[in-house]
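Structural overview for review
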Amino acid sequence: MNPQAIATLHAHLLPALAAAPSETRRLFHGRGRCWPGLEQLTVDWLQGVVLVSLFKEPAPEQLQDLRDLLLQLAASAEWQQSGAHTLLIQHRYLPQSTAEWLIGEEIEEMTIVEGGLQYRVDLGRKQNAGLFLDMRYGRNWVREQAAGKRVLNLFAYTCGFSVAAIEGGAGHVVNLDMSRAALSRGRDNHRLNGHDLSKVSFLGHDLFKSWGKVINSGPYDLVIIDPPSFQKGSFLLTKDYQRVLRRLPELLTAQGTVLACMNDPSFGSDFLIDGVTQEAPSLRFEQRLDNPPEFPDIDPESGLKALVFQRSH
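Now for a quick tour of the structure. Here the residue numbering is sequential within each chain, running from 1 through the sequence in written order. For a predicted model such as this one, the threshold for reporting local features is a pLDDT of at least 70, and the threshold for listing and counting side-chain atom pairs is 80 or more; totals across whole chains, interfaces and linings nevertheless cover every residue. For side-chain calculations, the full set of non-hydrogen atoms in the structure is used, while hydrogens and water are omitted.

At the junction of Gly218 and Pro219, the peptide bond is cis and its omega measures out at 0 degrees in the coordinates. The helix count covers DSSP runs of H or I at least four residues long, the strand count covers runs of E at least two residues long, and both are numbered beginning at the N terminus. Along the chain, Pro219 turns up in the loop between α7 (211-216) and β11 (220-225). In this model, Phe155 sits at a positive phi of 55 degrees, which is unusual for a non-glycine residue. Three labels apply to residues, based on accessible area from a 1.4 Å probe with only protein chains included: buried if under 20% of the type maximum, exposed if over 50%, partly exposed otherwise in between. For Phe155, a relative accessible area of 15% translates into the label buried. Backbone geometry places Cys159, a non-glycine residue, at a positive phi of 70 degrees. With respect to the helices, strands and loops of the structure, Cys159 is situated in the loop between β8 (150-154) and α5 (160-167). A residue is classified by how much of its surface remains accessible, and Cys159, at 0% relative accessible area, is buried.

Here it is, written out as structure tokens:
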């Protein structure tokens, strides 16, 4: 993060604040490696809160340069015009993902808006706030596809896909995740949007020990798979994704659809396409969903992959 990189960041953030969106969006995505020296930095707009995330520890003088830039930004007319009131740096490389609040009061939780839907997120306390912003188009797609469908949401986290599906008219959504705390936040998210919780199920289980429960709740018209790339003791992408894919024929209706997602820069779309061809040959690849424009990447195969498969006979 040399002076040139700092200047580049300043040049991006000023106009971004001048045209601050009404909903939550990423303002700067350095992790796509389009701007040298800023590969380990992102900036998110959470409706008045500016969240700067650092994924690698900078040299002390570089960190101070970043602080100085941000405080200079907060004194600008663009900042005032945007309605921003809070500024924090989250040090994601630290074990507790420690937050450093530069401007404004500390906020532990807040409600953000995406696509007119509300989600509760944590600030400065956890590694992830509670909604992955690069999956915006994926949630939009699910909302558009969900009407009348029975949906299975695997690795549901805080149930963003479930909220989108119910809003889109899904008949029922089954959410499965090992983290009961994440599923509890998912319930909160549904309540925030006035959803009928009788249409939503929450299974706080290890998927690989709970296939019986999942299959018995089916079959499903739409299965969503959005696992972590690696979760110690529970999921390893290179081994466990195939274990999920080979179960798809048991889970799907005759015309069932799958949205299979992956966000590991080491693996491209072929990893999923080949995996489905091998493990679930009754499914055919339909399309890869676009990523939002605010997530540019020097290599499209390094960014988020969200692939649609359709069952065929």
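Within this scheme a cavity is a closed region of a 1 Å grid, computed over the protein atoms alone, that accommodates a 1.4 Å probe without allowing it to escape, whereas a pocket is open but has protein on both sides within 12 Å along at least five of seven lines; lining residues each have an atom within 4 Å of a point. Grid points are joined across faces, edges and corners, and a volume is the space filled by probe spheres set on the points. For the structure on display, the rule yields 1 cavity of 30 Å³ or more. When its volume is computed, the largest cavity comes out at roughly 40 Å³. Taken together, the elements giving at least two residues each to the lining of the largest cavity come down to β7 (117-122) and α4 (136-145). If one sorts the elements of the lining of the largest cavity by residue count, α4 sits on top with 3 residues. The residue makeup of the lining of the largest cavity, split by class, is 3 nonpolar, 2 polar and 3 charged. When residues are sorted by character, Ala, Val, Leu, Ile, Met, Phe, Trp, Tyr, Cys and Pro go into the nonpolar class, Asp, Glu, Lys and Arg into the charged class, and all the rest, Gly among them, into the polar class.

Every case where a carboxyl oxygen of Asp or Glu lies within 4 Å of a side-chain nitrogen of Lys or Arg is listed as a salt bridge. Under the counting rule described, the total for this entry stands at 17 salt bridges. Residues Asp297 and Arg33 are paired through a salt bridge, measuring 3.7 Å at the closest nitrogen-oxygen approach. With a gap of 264 residues between them, Asp297 in the loop between β15 (283-288) and β16 (305-311) and Arg33 in the loop between β1 (25-29) and β2 (41-46) connect regions that are remote in the sequence. The partner of Arg284 in a salt bridge is Glu286, and the shortest N-O contact between them spans 2.7 Å. Residue class for Arg284 comes out partly exposed when judged on its relative accessible area of 39%.

To continue, consider the environment of Leu73. As for its position among the elements, Leu73 is in helix α2 (residues 60-74). Along the primary structure Leu73 and Leu17 are separated by 56 residues, whereas in three dimensions their C-alpha atoms are 9.3 Å apart. Here, two residues are considered to be in contact whenever any of their heavy atoms come within 4.5 Å of each other. Setting aside anything within four residues of it in sequence, one finds Leu73 in contact with His10, Leu13, Leu14, Leu17 and Trp79.

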